[in-house]
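Remarks on the overall topology
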Amino acid sequence: MSALLSIDRLRVELPAGKGMRTVIHDVSLDIRAGEAVALVGESGSGKSMTTRAVMRLLPQGARLSGDIRFDGVSIPAMDRRALRGWRATRVGMVFQDPRAHINPVRTIGDFLVEGVMLDGRLSASRARERISPLMRAVGIADVDRRLGQYPHELSGGLLQRVMIAAALSTEPELLLADEPTTALDVTTQEEVVAIIDELRRERGLAMLFITHDLDLAAAVCDSIAVMYAGSIVEERKTGPSGLDPSHPYAKGLLAARPKLGRRERRLPTIEGRPISAFEVSAGCAFATRCPLVHDRCRRERPVPARVPGGRVACHRIEESGSADSDGGAR
Ligand SMILES: Nc1ncnc2c1ncn2[C@@H]1O[C@H](COP(=O)(O)OP(=O)(O)O)[C@@H](O)[C@H]1O
Ligand SMILES: [Mg+2]
């Protein structure tokens, strides 16, 4: 089956001083209809920029190469009208900070009605009919009162539920969720993730779920792509036996995560600091921090190769014989 969203050798460069800086380097990723894929990595690895490229919301002056296709249609090639129609009907987005994406002087009701009507595909009264059940579906009890309130009258968790309702109100096929719970307190985080997970499954929605939390990614997604310095270093299906990544960076991320119910005096961390794509010289981006680094890693950039259950870009794994170096898609 062909993919609903297909990112093909995406490269994004942003203006910096007199030149350009690469922030996304050769990212390829497919999401099939109904499938949930997580994009995981440290801050600055390029997760948000990848989603922004999909939505065509890149910063001014950005240069994009490669292609992004939705249901076979190239998003970078869409004209304004097609892009507006696509955004209004086929894709929904939830961001990290709901307050930055809602007009503070309009009521919740106005915000939701406007979202559903966007592009004039639905009348205001039909839009209103759609909203109440959605509000209840995201766990908002006193719907009528909430619709008349302003964003500042709602807690962060409630406001994020409103954003989820807005994202789903146009009945999209794909949900892009960029760290939707990072700004919320822990209890609220769990509730919001549970709502996204349940509604997504019920509706057979595909999802790109961005997080820096590997456990969360494994809990709600069918597969995980790990990003480092603007590239995907490992892509792997999540199984019932939990996560078992093979790339040294992905292993490090897994080891460094806090374990629930265990109080550790000091969290293990990966030596060194994360770098951005434009800081990568020849060779593997992770070479400066990798415990397994070899000469070849510093000279030659590894390409993704198939391993059982996924793809990994690592010379050392290739050399150990557990990868097919076909560089191919999964
Ligand atoms: N508006 C911007 N202008 C220039 N560089 C940016 C901008 N936003 C992000 N970057 C850079 O792009 C890279 C990727 O950032 P981002 O996609 O936001 O990472 P993540 O979401 O994984 O934390 C980083 O090096 C970051 O500094
Ligand atoms: Mg981000």
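1. A few points about the nonpolar core
If you look at the biggest cluster of nonpolar residues, it comprises 62 residues, and the most contacted ones within it are I108, L112, M135, I164, L175, Y228 and Y249. With 9 residues, helix α6 (residues 156–168) is the largest single contributor of residues to this core. Once you skip the residues sitting within four places of it in the chain, L175 turns out to touch G92, M93, V94, A167, L168, I196, L205, A206, M207 and L208. Ranked by size, the runner-up nonpolar core spans 33 residues in total, among them L10, V12, L83 and I232.

2. What to know about the sheet that holds strand β11 (residues 305–307)
In space, the 8 strands of this open sheet follow the order β6-β7-β8-β3-β9-β10-β12-β11, with mixed pairing throughout. One side of each edge strand has no neighbouring strand; the edge strands of this open sheet are β6 (91–94) and β11. Neighbour-to-neighbour, the strand axes of this sheet turn through a mean angle of 25°, independent of strand direction. Here β11 pairs with strand β12 (residues 310–312) via 3 bridges, running antiparallel. Within the sheet, the bridge partner assigned to A305 lies in β12 and is V312.

3. Points about the pairing of strand β9 (residues 223–228)
Across a regular strand the side chains alternate sides, sitting on one face of the sheet and then on the other. Most of β9 sits out of view: 6 of its 6 residues are buried. Taking every second residue as pointing to the same face, both faces of β9 are buried, with S223, A225 and M227 on one and I224, V226 and Y228 on the other. Bridge count between strand β3 (residues 36–40) and β9: 4 bridges; the pairing is parallel. Bridging across to β9, A38 finds its partner in I224. Hairpin connection between β9 and strand β10 (residues 231–237): a loop of 2 residues separates the two successive antiparallel strands, and A229 in this loop has a positive phi of roughly 45°.

4. Looking at the site of ligand 1
Surveying the vicinity of ligand 1 reveals the residues L14, V23, E42, S43, G44, S45, G46, K47, S48, M49, P59 and S276. At a separation of 2.8 Å, an oxygen atom of ligand 1 approaches a polar side-chain atom of K47. Side-chain polar atom of S276 to an oxygen atom of ligand 1: 2.8 Å apart, as the coordinates give it. When the free accessible area of ligand 1 is taken as 560 Å², the share hidden by the protein chains comes to 65%. Sort the elements by how many residues they give to the shell around ligand 1 and helix α1 (residues 47–55) lands first, with 3 residues. A breakdown of the residues in the shell around ligand 1 according to their chemical character gives 4 nonpolar, 6 polar and 2 charged.

5. Here we look at the pattern of salt bridges
If you walk through the whole model with that rule in mind, you get 22 salt bridges. Where R69 meets D67, a salt bridge forms, and the shortest distance between an N and an O atom there is 3.3 Å. Exposure remark for R69: the relative accessible area of 28% places this residue in the partly exposed category. We classify D67 as buried; its relative accessible area is 19%. The partner of R106 in a salt bridge is E114, and the shortest N-O contact between them spans 2.9 Å.

6. Concerning helix α4 (residues 124–137)
Compared with an ideal rise of 1.5 Å per residue, which puts 14 residues at 20 Å, α4 spans 20 Å between its outermost C-alpha atoms and is within 8% of the ideal. Where α4 is buried, its residues touch α3 (108–117), α5 (143–147), α6 and α7 (186–203). At the exit of α4 stands G139, carrying a positive phi of roughly 85°.

7. Some details on the side chain of R236
You can see R236 is positioned in strand β10. Overall, the relative accessible area of 15% leaves R236 in the buried class. A distance of 2.6 Å separates the side chain of R236 from the side chain of E234, its partner in a polar contact. A polar side-chain atom of R236 sits 3.0 Å from a polar atom in the side chain of S246. Excluding residues within four positions of it along the chain, R236 makes contact with S223, I224, D244, P245, S246, V307, P308, G309, G310 and V312.

Reading guide: rules and limits
- Residues numbered from 1 in each chain as written.
- Chains lettered and ligands numbered in written order.
- Predicted model: local features only at pLDDT ≥ 70, side-chain atom pairs only at ≥ 80, totals over all residues.
- Heavy atoms only, no water.
- Core = buried A, V, L, I, M, F, W, Y, C linked by side-chain atoms within 4.5 Å.
- Buried < 20%, exposed > 50% of the residue type's maximum accessible area, 1.4 Å probe, protein only.
- Helix = DSSP H or I, 4+ residues; strand = E, 2+ residues; numbered from the N terminus.
- Contact = heavy atoms within 4.5 Å.
- Pairing = 2+ DSSP bridges.
- Axes fitted to C-alpha atoms, helices over the stretch in contact; angles between N-to-C directions.
- Near = heavy atom within 4 Å.
- Polar contact = N/O pair within 3.5 Å; in protein donor to acceptor, adjacent residues only side chain to side chain.
- Areas by Shrake-Rupley, 256 points an atom, 1.4 Å probe, with all protein chains shown as cover.
- Nonpolar A, V, L, I, M, F, W, Y, C, P; charged D, E, K, R; others polar.
- Salt bridge = Lys/Arg side-chain N within 4 Å of Asp/Glu carboxyl O.
- Expected span 1.5 Å × (residues − 1).

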